[in-house]
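Examination of the molecular architecture
Read off the chains here:
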Amino acid sequence: MSKILVIGAGGVSSVAVHKMAMNKTIFGDIHLASRTKRKCDAIATSVKERTGTEVATYEIDAEEVPALTKLIEQIRPALVVNLALPYQDLPIMDACLAAGVSYLDTANYEPKDEAKFEYHWQWAYHDRFKQAGLMALLGSGFDPGVTSVFTMWLKKHKLKTIRQLDILDCNGGDHGQAFATNFNPEINIREVTAPARHWENGQFIETPAMAHKVEFDFEAVGPKNMYMMYHEELESLAKFIPELERARFWMTFGDEYIKHLTVLQNVGMTSIAPVRYQGQEIIPLQFLAAVLPKPETLGETTKGNTNIGVIATGEALDGSGEKTYYIKNICSHEAAYEETGNQAVSYTTGVPAMIGSAMMVTGKWSGDGVFNMEEMDPDPFMEMLNSDGLPWTVEELDGPVGF
Ligand code: NDP
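What comes next is a walk through the structure. Here the structure is a predicted model, which is why all the values come from computation and not from measurement. Once a new chain begins, its residue numbering starts again from 1 and follows that chain's sequence as written. Predicted model: local features are reported for residues with pLDDT of at least 70 only, side-chain atom pairs are reported and counted for 80 or more only, and whole-chain, interface and lining totals are derived from all residues.

1. Considerations on the sheet that holds strand β3 (residues 55-59)
Within the open sheet, the seven strands sit side by side as β3-β2-β1-β4-β5-β6-β17. Their pairing is parallel. Every other strand in the sheet has two partners, leaving β3 and β17 (369-372) as the edge strands with one partner each. Each neighbouring strand pair of the sheet contributes to a mean axis angle of 20 degrees, computed without reference to strand direction. Pairing analysis gives six bridges linking strand β1 (residues 2-7) to strand β2 (residues 27-34), with the strands arranged parallel. Counterpart to Lys3 in the pairing with β2 is Asp29. Packed on one face of the sheet, helix α1 (residues 11-21) meets β1, β2, β3 and β4 (79-82) and runs near 160 degrees to β2. Placing C-beta atoms from the backbone, we regard two residues as in contact once those atoms come within 7 Å. Here the axes come from fitting lines to C-alpha atoms, over the contacting stretch only for helices, and the angles between their N-to-C directions go from 0 to 180 degrees. Note on conventions: DSSP H or I runs of at least 4 residues are helices, E runs of at least 2 residues are strands, and numbering of each starts at the N terminus. Its contacts with the sheet place helix α4 (residues 89-99) against β1, β4, β5 (102-105) and β6 (135-138), and it is angled at close to 160 degrees to β5. Pairing between strands requires that DSSP locate at least two bridges from one strand to the other.

Structure, rendered in structure tokens:
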């Protein structure tokens, strides 16, 4: 039984903490700290009601490294699970190094003043974690996270090489709002409005945001328009699968979402350049995030399913020629809400954060240094996806994707 410190108290954290409390034999002692203690207390109350488990709560600004180091030293957890925002990744890694504790997150570092998420800032910590005999696991959510584990499972059990890879993320479901994002609005809009990038023949090709649209019929959702965009696991997949000829990431958006986003972009509301307003400096995107519905309030009204998966084409392991496989999970918003009080987008991220933490504290995944999901054995993680709420299926397709 391990002691865990989770940082951040949004939708993803809420799911991860509930699921940790449901795995008492692995997570014996759960501590939760965030900028707003009230939100930690609300999660702790729900966890107590649903599972009977007590969660200790604290207030912390994770960007204050000395204060965070002190808190980690006081609690002495086996692992710090960062479910705050990507901006806090580096300060939390610094505090983990100072306190001598391992680290896990679900999204790679992004500087506040530049909408650019890349792994190099965190990969640069490898030697320091290695010398300290500590492990940092990056990107243990769904995408990134499960998408990389799905790909490596195909590479271990079905395909000797992977030539083409498409990640298909369908956030199906309806939350009943004219415009809302299903995870942190600031991070979500920064991601969606950034130029698209995909991997092709050894390099990233950049194209304008939302310029490539394809209709795809998603099981348990139906036909949806999906748009090619950049997503961080493309960087680690390209690094750890050197034979990849092409890798792309697709996400579905409804016409209403696109219409609202286009207007907001056209009037400058998605900008991260500071503007002066009534004698004060404000960031338009942060102001927009403040007035949009909070993702954690969407749980009760969101209906339908998410469907996220990977289609990979390559040379079959058994020597039977080129094969294409589609591996995916379908998750119901209503079932996720029933179980944890959060919708499926938080659920599909919080459950893999719990599983990655379980892999580390049980020693099924180990190492000294900074690691991506692609470097770990996919099998024990895939087993826990099946047993802990995100069952997956794999099927052989007739041939490579036609788009
Ligand atoms: P939320 O915005 O709902 O929650 C973020 C939490 O972090 C809030 O409780 C917030 O506090 C807290 N926080 C922010 N700044 C600080 C700080 N300086 N110190 C301490 N706490 C802080 O986000 P989500 O739960 O939707 O997402 C959490 C993470 O998961 C994000 O990094 C997101 O990018 C990632 N994610 C990953 C996905 C994947 O599949 N890999 C998918 C979806 C999300 P406060 O309440 O005071 O604002």
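2. A few points about the nonpolar core
Core analysis: the biggest nonpolar cluster contains 109 residues, and Ala16, Val17, Leu32, Val80, Cys96 and Ala136 have the highest contact counts within it. It is helix α13 (residues 344-361) that contributes the most residues to this core, eleven residues altogether. Two domains share this core, each providing at least three of its residues, namely domain 1 (2-138) and domain 2 (146-342 + 391-397). Ignoring any residue separated from it by four or fewer positions in sequence, one finds Ala16 in contact with Val6, Val81, Leu83, Gly350, Ala353 and Met354. Here, a nonpolar core means buried Ala, Val, Leu, Ile, Met, Phe, Trp, Tyr and Cys residues linked by C-beta atoms lying within 7 Å of one another. Burial is judged by counting other C-beta atoms within 10 Å of a residue's own C-beta: 20 or more means buried, 12 or fewer means exposed, and anything between counts as partly exposed, with every C-beta placed from the backbone. In this document the domain limits rely on a domain assignment from an automatic tool or a database.

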